[in-house]
Amino acid sequence: MNDLSFDAYLAIPRLSGLSLSPDGGRLIVSISRPAPDGKKMASALWEVDPSGERPTRRLTRSAPGESSGSFLRDGSVLFTSTRPDPERTDDEKADDVSSLWLLPAVGGEARLLVAPPGGVDAVKAARDAEVIAFSAAVHPGSGDFGADAEREKARKDAGVQAQLFESFPIRRWDHYLGPRELHLFAPDVPPGEARIDAAKDLTPEARHGLAEIGFDLSPDGATVVTGWERTEKLTDLHVDLVAIERASGEHRVLTAPDGWYEGAAISPDGRQVACTRSLPGSPDQPSDTTLWLIDLGGGPGRDLTPELDLWPHGPVWSHDGAAIFFIADSHGVSAAYRLELATGAVTVLSSAASFDSLCPSPDGATLYAMAAGPAQPPRIVALDARATDQEPRPIPSVPELEALELPGRVERISANAADGVAVESWLVVPEDAAAPAPLVVFVHGGPLSSWQGWSWRWNPQLLAARGYAVLLPDPALSTGYGLDFIGRGWGRWGAEPYTDVMAAVDGALQRDDLDPQRTALMGGSFGGYMANWVAGNTNRFRAIVTHASLWELRGFHGTTDLGPEWEREFGDPYLDASRYEEHSPSRLLAGIRTPMLVVHGELDHRVPISEGLRLWTDLQRRGVESKFLYFPDENHWVLKPQNARVWYATVLAFLDEHVLGKEFVRPELL
């Protein structure tokens, strides 16, 4: 059996953030590997030859690392890094914030371009002008970067960390919002060695409307189009698209206040914006997403994918403006599509992998992308920009990826649910299993998600290396199977989503190479919810691992960072809490007999640790055999390498104990 140890897994190069130069002759990609101390991942930018003739070469090198690589129109590379300012004096203390750097196209040392005291979050470059747009965190009312620095210094000198919130939201994922806010700036790129020391704030009234929101810059650099979250009415949250004129600062709302408009991409002629439009849904109707086109000059906009029963995202324009490329989940992959603007025709370029970072070539012939799957970490590939149903062509980049061998064989399988609907799954089986393999079921999060691509967190190949088969089912609520499939589980988490998981398990266990007597189930976030629900409904599994899981839905509504959003599926709990109560795993506590491993991070604001603590307390009070793995420095995910090592060691020891009958081996350092 291929012995994929955790160290070998951690050493696999992690590629992300692909960009193509304006002339189409260079690709740049961020590659992450463990830092020398093993306590974090360190990234650098590398250049890849699209033709595959020249060897890949490293462009940046520093201890803090570099990311967010993109091109200016002259071929210079922009990137963000927390590397220190080389002109900083010894008595100036450097904050650990991300600044924007420029690596000249002709080569040489990178130079610092702009260093807002609160750090640069994201950047876009104009296609036909020496202009950039970037988002940076600033104190409201600061006016400029100097005043922002003074405000921050005053707080630090006074030892004040308190904040006064006056509106929703107040936190996201793993942090409280503020006291700084994300604002947008769009300065000219200065020539020579000059820096950007000041820039006009285009969004002085942003509050927290730009948090986790994307933006784009028109080719001529004159207009920024950004999403803008509106939270004035908690039960009617939505995201507008707003056009901002760089010269005047004028704002124009481009969309109706009826949904979430995201992923703005301005056309090559600067006249139109492609984006996704997500309608919010209600307790009786699931949300839906379409590809949307808006005229920057005004107008209602139109649906570009009215016949597509999938959810598109990541729109990218062809260089001639005649087509839009996008991605949509489809039967266990994120397939790549092309849409012709003139006819509305949609072509499936490839469903042979899960794609992202789409990069159309200037000549219109090729679409470069990142591609991945359950048996393949992300790699760089090329697609014919017009051909249908094709296999991606690998672009040589990192030798370790090309030589990688994994222990698990991946298959696509299907089973029928009670209502006759097909429930599809990925199945990972150890290549060299000598006997029927024990089965571990992974339930995905979301819940509006699916098992597609490669996971750096819940990776079935690490279990396959230990002799386990892993089932990755897509039950009701999963994306990639049409709106009706989502609707089967909408507001009914404990009904069809649960029975679909059980149907997928029953179907898989008909195989001779799986052992029906040695099974376990595990999940995180919504998958953790389902793990808890399964524990309360059946004792068929020998062990259950529940990570960042929902336990009591009524209380969760008021403590999660986006509680009002859940009302669109479960209703207003102050008027009718029946759905919350009916589908809360906590009401099934008396039926739980299966040993459970509860995992939670202190910094998780999406599923607050109160959910994990209450679950743990309830299990202990009822005498259920259980363990609680607690991470004080992690959020909804376990991201730090040393913590991921502990996570896998604990999970595997728990599975080995209860599924294989081995003695529990307490991980080192715990």
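Definitions and cut-offs
- Counting starts from 1 at the beginning of each chain's written sequence and moves along it residue by residue.
- Whole-chain, interface and lining totals are the exception, using all residues; otherwise, since this is a predicted model, local features are given only for residues with pLDDT of at least 70 and side-chain atom pairs are given and counted only at 80 or more.
- Side-chain descriptors were evaluated using all non-hydrogen atoms of the structure, hydrogens and water having been removed beforehand.
- Strands here mean DSSP runs of E at least two residues long; helices mean DSSP runs of H or I at least four residues long; both are numbered from the N terminus.
- Residue exposure (1.4 Å probe, protein chains only): buried if accessible area is under 20% of the type maximum, exposed if over 50%, otherwise partly exposed.
- Residues are treated as being in contact if the distance between any of their heavy atoms lies within 4.5 Å.
- Only the six-membered ring of Trp is used, alongside the rings of Phe and Tyr, when aromatic pairs are assigned; centres must lie within 6.5 Å, and planes under 30 degrees apart are stacked while those over 60 apart are edge-to-face, with the rest tilted.
- Ring-over charges, as used throughout, are those where CZ of Arg or NZ of Lys falls within 6 Å of the ring centre and within 35 degrees of the ring normal.
- The criterion for strand pairing is that DSSP finds at least two bridges linking the strands in question.
- In this analysis an axis means a line fitted to C-alpha atoms, helices contributing only their contacting stretch, and an angle means the value between N-to-C directions, from 0 to 180 degrees.
- In protein, a polar contact requires one atom able to donate a hydrogen and another able to accept it; more generally it is a pair of N or O atoms within 3.5 Å, and residues adjacent in sequence count only if both atoms are side-chain atoms.
- Put simply, a salt bridge is a Lys or Arg side-chain nitrogen that is within 4 Å of an Asp or Glu carboxyl oxygen.

Draft legend 1. Focus on unusual backbone geometry. Cis geometry is found at the peptide bond from F168 to P169, where omega equals 0°. In this structure, P447 follows G446 across a cis peptide bond, with omega equal to 0°. Position of P447 relative to the elements: it lies in the loop between β32 (437-443) and α4 (460-464). One non-glycine residue, D389, adopts positive backbone phi at about 45°. As for its position among the elements, D389 is in the loop between β28 (376-384) and β29 (393-394). Look at D389 and you get exposed, because its relative accessible area is 58%.

Draft legend 2. Layout of the side chain of S19. Following the sequence through the fold, S19 ends up in strand β1 (residues 14-20). Once you skip the residues sitting within four places of it in the chain, S19 turns out to touch R26, L27, I28, G69, S70, F71 and C359.

Draft legend 3. Local environment of the packing of aromatic side chains. Considering all chains together, one arrives at 26 aromatic pairs under this definition. When the centroid spacing of 5.4 Å and the interplanar angle of 20° are considered together, the rings of F134 and F185 count as stacked. In this pair, F134 sits in strand β10 (residues 132-138) while F185 sits in strand β13 (residues 181-185), placing the two residues 51 residues apart along the sequence. Per residue, the accessibility class of F134 equals that of F185, and both read buried. Looking at R540, its charged tip hangs above the ring of F541, at a distance of 5.6 Å from the centre. The ring of F664 carries the charged tip of K627 above its face, separated from the ring centre by 4.4 Å.

Draft legend 4. Main features of the pairing of strand β19 (residues 272-279). Taken across its eight residues, β19 has six buried, putting it largely inside the fold. Across five bridges, strand β18 (residues 260-266) lies against β19 in antiparallel orientation. Paired with A265 across the bridge in β19 is A274. In textbook terms, the turn of a hairpin is the stretch between consecutive antiparallel strands, and for β18 and β19 this stretch comprises five residues, one of which, G270, has a positive phi near 75°. Summarising the sheet, β19 and strand β20 (residues 288-295) pair through eight bridges and their orientation is antiparallel. Each residue of the ladder has a partner; that of T276, found in β20, is L291.

Draft legend 5. Layout of the sheet that holds strand β7 (residues 99-103). Taking strand neighbours across the sheet as the criterion, the four strands line up as β5-β6-β7-β8 in an open arrangement whose pairing is antiparallel. Edge positions in the sheet fall to β5 (66-71) and β8 (111-114), since each of these pairs with one other strand and no more. Averaged over all adjacent pairs, the angle separating strand axes in this sheet is 35°, with direction ignored. Examined bridge by bridge, β7 and β8 share three bridges and lie antiparallel to one another.

Draft legend 6. Quick peek at the environment of D269. With respect to the helices and strands, D269 occurs in the loop between β18 and β19. Each C-alpha atom of the pair D269 and L308 lies 26 Å from the other, and the pair is 39 residues apart in sequence. From its side chain, D269 meets the backbone nitrogen of R271 in a polar contact 3.0 Å long.

Draft legend 7. Layout of the pattern of salt bridges. Tallied over the entire structure, the rule returns 40 salt bridges. Residues E431 and R409 are paired through a salt bridge, measuring 3.8 Å at the closest nitrogen-oxygen approach. Of the two residues, E431 is situated in the loop between β31 (422-430) and β32 and R409 in strand β30 (residues 408-416); the sequence distance between them amounts to 22 residues. Between R412 and E424 there is a salt bridge whose closest N-O contact spans 3.1 Å. You can see R412 sitting in strand β30 and its partner E424 sitting in strand β31, a full twelve residues away along the chain.

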